[in-house]
Amino acid sequence: MNTVSLYAGSGIILFSLGLHALLIRRHLLRKILAANIMGSGVFMVFIAMGARGESGVADPVPQAMVLTGIVVSLCFTAVAIVLAVRINKLTGCTTLAVDEESSID
Amino acid sequence: MTELIVQQNWFVWMTLLPLGAAVATFLAPGQARWIGLTTALFLPFCALAAIAATVFSTAQPLTVGNWPTPLGIELRTDGLALVMLAVTALVGFIISCYALGYFPPRQHHLSRTHYFWPLWLFLWGGCNALFVSGDLFNLYVTLELVSLASVALIALEGGKAALAAALRYLFIGLLGSLAYLLGVGILYATYATLDITLLGEIISDSRLNHAAMSLMIAGLVLKSALFPLHFWLPQAHTMAPAPVSAVLSALVVKAAYVVLLRLWFEVFPALDTLAIGHLLGLLGCVAIIWGSLMALRQERLKLLIAYSTIAQIGYLFLVFPLARGEAMAGAWVGGVLLMMTHACGKAAMFLMAGTIHHTAGSDRISRLAGAGGPIGVQVVVFTLAAATIIGLPPSGGFFAKWLFINAALATGQWWYIAIILSGTLLAAAYIARVLGWAFLDVKRSSYPVIPWVMKWPPLALSVIALVFGLIAYAPVQIALIGAPVSVPLLVEFGP
Amino acid sequence: MEPALIFDLVLLLILIGLAWLLLASTDLFRAVVLFIAFGLLLALAWVRLGAPDVALAEAAIGAGITGALLLVGLGRLGSTERCRFSRAPLTFLQRLSAPVLVGVMIPSISLILLLEVHQLAGTTPGRQGLINAFLDVSGSGHGVTAVLLNFRAWDTLLEKGVLLLALITIWSLDQARPLFHQEDISPQLMGLARLLLPLVIVVAGFVLWQGDQAPGGAFQSGALLSAGILLAILVGYSLPQRWQGLSLRLLLAIGFGVFLLIAAATLLYSGYPLQYPEHLAGSLILLIELVATASIAALLAAAVVGGHPPDDLSTPAAKAPSTSGRR
């Protein structure tokens, strides 16, 4: 047991927690939170792996990738929130349930 | 001057130009239509130049910033990238023309026209960046660009069903790409490289690599809507305006599939993938039958086409179990061909469905009764496009399915032949059902006049899809440039 | 057990506990606040893992801006009384997929990863050596900045595109509405915000400037600046009507636009996109960072405001503050 595997393992636990909540939670804001937790888990695996290196010098490539990833997930969060607010305005709902007449199946 | 033109790396320009045009249309919304159309006109020529440069071997793959590969990002100019760039340019050009008519300049709903062009150009640039990318993390960024642009385009219609479909698609996209990204992280942790070529050379058959592969494949399968992960597709693809539906069905689904092809044949060939291949094949078979059956019972034309897309995605996944041993090249070429021809055919079908909706006032199939007379042109174009979906000769669909059947014979997996044939029959049935309604002998009142760009450009696409089997030799040869499969077997399949 | 390892263990347990709590919380406001706390503690974890750049970004973007987005979004969600579909039944596949994924796939994948990941802990080093070898010619003295803006600048270029695309998407969806009710804000808070504003600008400038040699850079600095813009909106500044058109759009797009132009120019000049001439590399990276900071600040603030400026439509709408009045 060392620092790297501790963090990498926790990253995977966070990923699983987020995935679980994204699938079963129905409130849109909770789904958004869950997706963010999932992303944080992935980033933790990246950074933990980048931290293995001789003399404690971290690998900058995973860090750069995570910086990119953080911005991308911010973009998705921002768009998802605006979509959720619009859906709430039009239907009064905070879930993805769709109107029967315009529904597909 | 000619040297300057010949020596340009056109495949890189094909990413920069649409992105630049997207910024320009954002800055000058009033000029968006003309900026968009000019870009759309220019890109097919770029694609031709890129192909010419590669065929005459003046263009080489390059890395961004000219850094050596584990450090820099490689941009590929191999056959798969080139044919996808070319098909996207062709389909994109036709869709852009159609959009000119579909989003007229002085419309009540001003904002729709405003935002269609930057979003569509972003999507186009993102797709092109994805096709040429040879780096796993860069593929993640391009996938996100494509999926965010798709979300925006699905939501463009603005109704509650469209918004819900867009948000569902956003979550699906996020889920898929995070699973993919976790796989990338694991691979980087082991090999400290993200370059597809380098990884393919050094990767070994370990449990960890299997876990990474499963995560990446699962994420991409979700994004490319293979049964049973297709549930988001029908709503997403039908709630959008017609040009957007065409883009989504023809191009966006293929983007994730191209990444899958690259992973399967270039990154993971060293892994034992027999079981996963059969699983994907099995899901593909279920998708073919289930998608076709669902298409058969749809009441609305766009939904019928969307379910037909699910069935066609099923065919694409037959590549994975079939591409083994001798049949490798045949199956791979079949997959690439099906992707190209489905892009043309499905785009034409969705565009035509939009035109029919526009003229008949509804896209309920029953409302088409007797439409064959007054809007016969539209119905005929629709049928031509559908021929490639069914797989009638000489369409590209026929050629691709023939390659699949050959591969199934060569590898002794005869059950796939049964599935392919029944899928073909079912497809013929659901198309025939539409035509049956259209040519009922019912008197109809007059129809509104529609702009010519909504009638004729889709015709070009359906004709191309229809005769693709005849002209397939050249695209297949191009696709095989730098292909990850052995070539010689293919000669006997050539027309 | 070493004390450092115990610290890690406690930190990770708190993080996982927080994640669990916030995902299970019935009170959404509490969940969002816990999420912000989660982000801040995550930044601590990044520091522990030797990634101060990511820590800065996480605190500013992951916790700060995302938190602001979530709080504003939560405030805008209306009541669910009108909702007729809240109890819509799940389809068979949905009911099947959750337990299958949750029950079978997640544990098995997690188990494989947990078992194998620890094998990796001692193996391959990263790319530090290679990056250090090229750092001198990269135009930046800091590894992460060199990777972001030179070695893997293609990713960063596309990611700037994603950011602009997100804003265009938001604008296509909704019209800007007031962030807060002015009467809700106490005068004391206003005064505090006025005091904080110059400080935020100075700190943002510092973070950008030191990104060349040490942790920091365009994203972190842009996020700080956007917090400043939001503060400015809070105390009542708003962008004058005549600047809400092209000038605002130019500001939003300039970061991506200039980066794209540099990519095109280098492609034309050398045949390789983003191959900076060696003597210009430093200045080009600085230029990209400067315009990127301005754009990111505006983009993030506009994303929190959450809609296109009202003059975008022909209908005159209620006056809504867009981004700050300081530019």
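Scroll up for the structure.
So, a few notes on the structure that sits alongside this text. (Residues numbered from 1 in each chain as written. Chains lettered and ligands numbered in written order. Predicted model: local features only at pLDDT ≥ 70, side-chain atom pairs only at ≥ 80, totals over all residues. Heavy atoms only, no water.)

### Section: the overall build of chain C
- Helices and strands together make up the secondary structure of chain C, namely eleven helices and zero strands.
- If you list the helices and strands of chain C from N to C, you get α-α-α-α-α-α-α-α-α-α-α.
- Scored against the burial criterion, the 327 residues of chain C give a buried share of 54%.
- Of the contacts made within chain C by residues no fewer than 6 positions apart, 75% connect residues no fewer than 24 positions apart. (Helix = DSSP H or I, 4+ residues; strand = E, 2+ residues; numbered from the N terminus. Buried < 20%, exposed > 50% of the residue type's maximum accessible area, 1.4 Å probe, protein only. Contact = heavy atoms within 4.5 Å.)

### Here we look at the interface of chain A and chain C
- Each partner contributes residues to the interface: chain A has 76 residues there, and chain C has 86 residues.
- For the pair chain A and chain C, the two sides together bury roughly 7,100 Å², of which 77% comes from carbon and sulfur.
- At the junction of chain A with chain C, the criterion picks out one salt bridge.
- Across the salt bridge formed by Asp174 of chain C and Arg86 of chain A, the nearest N and O atoms sit 3.7 Å from each other.
- Summed over the shared surface of chain A and chain C, the number is six residue pairs in polar contact (both at pLDDT 80 or more).
- Those elements that place two or more of their residues in the side of chain A that touches chain C are helix 1 (3-24), helix 2 (28-50) and helix 3 (60-91) of chain A. (Buried area = accessible area lost by both parts, 1.4 Å probe. Salt bridge = Lys/Arg side-chain N within 4 Å of Asp/Glu carboxyl O. Polar contact = N/O pair within 3.5 Å; in protein donor to acceptor, adjacent residues only side chain to side chain.)

### Section: unusual backbone geometry
- Backbone torsion omega between Phe227 of chain B and Pro228 of chain B reads 0°, so that peptide bond is classified as cis.
- Assignment of secondary structure puts Pro228 of chain B in the loop between helix 9 (207-223) and helix 10 (233-239).
- In the segment running from Pro393 of chain B into Pro394 of chain B, the intervening peptide bond is cis, with an omega of 5°.
- Among the structural elements, Pro394 of chain B can be located in the loop between helix 16 (376-390) and helix 17 (396-410).
- Unusually for a residue other than glycine, Asn66 of chain B sits at a positive phi of about 60°.
- Tracing the sequence through the fold places Asn66 of chain B in the loop between strand 1 (62-63) and strand 2 (74-75).
- For Leu274 of chain C, which is not a glycine, the phi torsion comes out positive at approximately 60°.
- Along the chain, the position of Leu274 of chain C falls in the loop between helix 10 (246-270) and helix 11 (281-305).
- With relative accessibility at 0%, the residue Leu274 of chain C sits in the buried group.

### Points about the interface of chain A and chain B
- Facing the 40 residues of chain A at the interface are 38 residues of chain B.
- Overall, the association of chain A and chain B removes approximately 3,300 Å² of surface from exposure, summing both partners, and the carbon and sulfur fraction of that is 83%.
- On inspection of chain A and its partner chain B, the count reaches zero salt bridges.
- In this structure, the connection of chain A to chain B is made through one residue pair in polar contact (both at pLDDT 80 or more).
- Residue assignment for the side of chain A that touches chain B shows that the elements contributing at least two residues are helix 1, helix 2 and helix 3 of chain A.
- With 16 residues, helix 3 of chain A is the single largest residue contributor to the side of chain A that touches chain B.

### Quick word on the side chain of Ser292 of chain B
- On the secondary structure map, Ser292 of chain B appears in helix 12 (residues 274-296).
- Residue Ser292 of chain B is classed as buried on the basis of its relative accessible area of 2%.

### What about a nonpolar patch on the surface?
All names here are of chain C.
- A surface patch of nonpolar side chains, about 400 Å² in accessible area, is lined by Leu189, Leu192, Leu196, Leu199 and Val203.
- Checked against the element boundaries, Leu192 lands in helix 8 (residues 187-210).
- Here Leu192 falls in the partly exposed class, since its relative accessible area comes to 46%. (Patch = residues over 30% accessible without salt bridge, like charges linked within 9 Å, V, L, I, M, F, W, Y side chains within 5 Å. Areas by Shrake-Rupley, 256 points an atom, 1.4 Å probe, with all protein chains shown as cover.)

### Comments concerning the packing of aromatic side chains
- Counted under the stated rule, the structure contains 22 aromatic pairs over all chains.
- Among the aromatic residues, those joined into a ring-pair cluster are Tyr98, Tyr102, Phe103, Phe116 and Trp117 of chain B.
- When the ring centre of Phe171 of chain B is taken as origin, the NZ or CZ atom of Lys31 of chain A, which lies over that ring, is 6.0 Å away.
- Looking at Arg33 of chain B, its charged tip hangs above the ring of Trp34 of chain B, at a distance of 5.7 Å from the centre. (Phe/Tyr/Trp six-rings, centres within 6.5 Å; stacked < 30°, edge-to-face > 60°. Lys NZ or Arg CZ within 6 Å of the ring centre and 35° of its normal.)

### Re the nonpolar core
- One finds Leu136 and Trp332 of chain B to be the most contacted residues of the largest nonpolar core, which totals 364 residues.
- Setting aside residues no more than four positions away along its own chain, Trp332 of chain B makes contact with Leu80, Leu261, Phe265, Val319, Ala479, Leu480, Ala483, Pro484 and Val485 of chain B.
- Core analysis: the next-biggest nonpolar cluster, separate from the first, contains eight residues, Ala193, Val200, Leu231 and Leu234 of chain C among them. (Core = buried A, V, L, I, M, F, W, Y, C linked by side-chain atoms within 4.5 Å.)

### A closer look at the pattern of salt bridges
Residues and elements named next belong to chain B.
- Summed over all chains, the structure comprises nine salt bridges over all chains.
- In this structure, the salt-bridge partner of Asp78 is Arg76, at a minimum N-O distance of 3.4 Å.
- Note on Asp78: relative accessible area 8%, which makes it buried.
- Of the residues examined, Arg76 reaches a relative accessible area of 9% and is grouped as buried.
- It is possible to trace a salt-bridge network through shared partners that takes in Arg76, Asp78, Arg262 and Glu266.

### Structural notes on helix 3 (residues 52-76) of chain C
Residues and elements named next belong to chain C.
- The terminal C-alpha atoms of helix 3, which comprises 25 residues, lie 34 Å apart, in line with the 36 Å expected from a rise of 1.5 Å per residue.
- The sharpest bend along helix 3 comes to roughly 40°, located at Glu58.
- With respect to burial, helix 3 is a largely interior element, 18 of its 25 residues being buried. (Expected span 1.5 Å × (residues − 1). Bend = angle between axes of the 7 residues up to and from the residue.)

### Quick look at the packing of helix 4 (residues 79-102) of chain B against helix 11 (residues 242-267) of chain B
Residues and elements named next belong to chain B.
- Orientation of helix 4 relative to helix 11, taken along the N-to-C sense of each, is 170°, at an axis distance of 9 Å. Compared by their axis directions, helix 4 and helix 11 come out roughly antiparallel. Taken as a pair, helix 4 and helix 11 cross one another with a handedness that is left-handed. Across the interface between the two elements, Leu80, Ala81, Met84, Thr88, Val91, Ile95, Tyr98, Ala99 and Tyr102 from helix 4 touch Ala242, Pro243, Ala246, Val247, Ala250, Leu251, Lys254, Val258, Leu261 and Arg262 from helix 11.
- Here the contact of helix 4 with helix 11 is built from residues that sort into 16 nonpolar, one polar and two charged. (Axes fitted to C-alpha atoms, helices over the stretch in contact; angles between N-to-C directions. Parallel < 35°, antiparallel > 145°, perpendicular 65-115°, else oblique. Left-handed = near helix turned anticlockwise from the far one by under 90°. Nonpolar A, V, L, I, M, F, W, Y, C, P; charged D, E, K, R; others polar.)

### Looking at the environment of Arg262 of chain B
Residues and elements named next belong to chain B.
- With respect to the helices, strands and loops of the structure, Arg262 is situated in helix 11.
- Each C-alpha atom of the pair Arg262 and Phe131 lies 9.8 Å from the other, and the pair is 131 residues apart in sequence.
- Ignoring sequence-local partners within four residues, the contact set of Arg262 consists of Arg76, Asp78, Leu80, Ala81, Phe131, Ser133, Ile196 and Val267.

### Observations regarding helix 1 of chain A
- Relative to the 32 Å expected for 22 residues at 1.5 Å per residue, helix 1 of chain A spans 32 Å between its end C-alpha atoms, a close match to the ideal helical length.
- Among the 22 residues that make up helix 1 of chain A, 17 are buried, leaving the element largely enclosed by the rest of the structure.

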